[in-house]
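Overview (structure and organization)
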Amino acid sequence: MLRLLLFIIWIISSSVIWQTTSRPVFGVRVSIGANSQITSYVCYLYNGRTLNRKRIVDKASFVKIVTGHWPSIYNPQRIDFFKENNIDCALLTDSITMKKVVGCVPMDSLWKIRFSIFPFVHNSDIGWSNKYNKPSQGQEKYLSKRYGIDHIDGDYFLDTNFWKIMQDVVDPIWVNNYKSIR
């Protein structure tokens, strides 16, 4: 009887399949990187312990993944995470070329966190940084405290901090407060 009970327990315990569900984590780094891009976008899968399956993508690919326009391991249910997080970003159809283009004011504003003026020619827009190509020391401390960004050159605004910065860069009150930090 004891052998039968142990055998049943062994069968049940060995047949259990441990499944971990992963959830997507999205992020952005505001630093000039490959191909002279000011922002780098990243997708991860978080399994409850670690971030894995890292994929760095360009802006258009990132929007296609996050909106669910493209099937992806990072968004298998094809959820529009921008809508879910109240961010006004979408793929729009250009009326002339009929091609899909990215329409996203928050993504277009991210460079302003780091630079005081747009870093490339043919654009004279003004940024929010109090130093030429890097946030001031006070702004860096603020970014670290609010978003966990210790090194603007290498750290990503990840997960909830990504959604928070995307909302903040279109908030005029936040922009004025950030610009006033010395």
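Use the structure listed above.
Residues numbered from 1 in each chain as written. Predicted model: local features only at pLDDT ≥ 70, side-chain atom pairs only at ≥ 80, totals over all residues. Heavy atoms only, no water.

In this structure, the largest pocket spans a volume of roughly 220 Å³. Lining the largest pocket, in full, are S36, Q37, I38, T39, Y41, D58, K59, M107, D108, W111, F118 and F120. A breakdown of the residues in the lining of the largest pocket according to their chemical character gives six nonpolar, three polar and three charged. By volume, the second largest pocket amounts to about 150 Å³. What lines the second largest pocket is simply R29, A34, N35, Q37, T39, S40, Y41, I56, V57, D58, K59 and Y156. Within the residue set of the lining of the second largest pocket, elements represented by two or more residues are strand 2 (39-46) and strand 3 (51-57). The element contributing the most residues to the lining of the second largest pocket is strand 2, with three residues. In the lining of the second largest pocket, the residues fall into five nonpolar, four polar and three charged. (1 Å grid on protein atoms, 1.4 Å probe; cavity = no way out; pocket = protein on both sides within 12 Å on 5 of 7 lines; lining within 4 Å. Points joined across faces, edges and corners; volume = space filled by probe spheres on them. Nonpolar A, V, L, I, M, F, W, Y, C, P; charged D, E, K, R; others polar. Helix = DSSP H or I, 4+ residues; strand = E, 2+ residues; numbered from the N terminus.)

Grouped together as the largest cluster of nonpolar side chains are 39 residues, with contacts concentrated most on F26, F62, F82 and M166. Those elements giving two or more residues to this core turn out to be strand 1 (23-30), strand 2, helix 2 (59-66), helix 3 (81-84), strand 4 (89-93), helix 5 (137-147), helix 6 (160-168) and helix 7 (172-180). With residues up to four places along the chain from it excluded, the contact list for M166 reads F82, I87, C89, C104, P106, M107 and L110. (Core = buried A, V, L, I, M, F, W, Y, C linked by side-chain atoms within 4.5 Å. Buried < 20%, exposed > 50% of the residue type's maximum accessible area, 1.4 Å probe, protein only. Contact = heavy atoms within 4.5 Å.)

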